Amino acid sequence: SPFFSVIIPTYNRVTLLQNAVRSVLNQTIRDWQLVIVDDGSTDSTKNYLHSLKDPRITVCIQKKAERSTARNKGIEVSQGRYVCFLDDDDEYTEQYLEQ
């Protein structure tokens, strides 16, 4: 199982989400799982999520239930030893998980 599970809840912010996901993909440490929980987006978020091919990425899509429910769903499917949260409008520096 991965060392870290990074959970990103998202709703209708595909452009910002892409930056957040890229910041996880660019981590210097590679032992992570990324869990993205789409909280019922109505923009192109689902299309973007379906385009992600990295096996370390887990996508969950749920009906609109708000951010805390999305975070709880992410925790349920997490497999990492440690859980980290990243908002869809934020980014990690490249060495965030390593440090």
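Values in this document were obtained by computation on a predicted structure and should not be read as measured data.

Trainee: How should the side chain of Q62 be read in this particular structure?
Mentor: The residue Q62 is located in strand β3 (residues 57–62) in this model. At a separation of 2.9 Å, a polar atom in the side chain of Q62 contacts the side chain of D39. Excluding anything up to four places from it in sequence, Q62 contacts V37, D38, D39, G40, T69, A70 and K73.

Trainee: Looking at this model, I keep getting lost on the pairing of strand β1 (residues 4–10). Mind explaining?
Mentor: Here is the key point about a regular strand: its side chains alternate between the two faces of the sheet. Counted residue by residue, β1 has seven buried out of seven residues, so it is predominantly covered. Neither face of β1 is left uncovered, since the one carrying F4, V6, I8 and T10 and the one carrying S5, I7 and P9 both have all their residues buried. Strand direction decides the pairing type here: β1 and strand β2 (residues 32–39), joined by seven bridges, are parallel. Paired with T10 across the two strands is D38, which belongs to β2. Each parallel crossover has a hand, and for β1 linked through helix α1 (residues 14–25) to β2 it is right-handed. As paired strands, β1 and strand β4 (residues 82–85) are joined by four bridges and run parallel to one another. Paired with S5 across the strands is V83, a residue of β4.

Criteria and cut-off values
Residues numbered from 1 in each chain as written. Predicted model: local features only at pLDDT ≥ 70, side-chain atom pairs only at ≥ 80, totals over all residues. Heavy atoms only, no water. Helix = DSSP H or I, 4+ residues; strand = E, 2+ residues; numbered from the N terminus. Polar contact = N/O pair within 3.5 Å; in protein donor to acceptor, adjacent residues only side chain to side chain. Contact = heavy atoms within 4.5 Å. Buried < 20%, exposed > 50% of the residue type's maximum accessible area, 1.4 Å probe, protein only. Pairing = 2+ DSSP bridges. Right-handed = clockwise from strand over helix to strand, strands pointing away.

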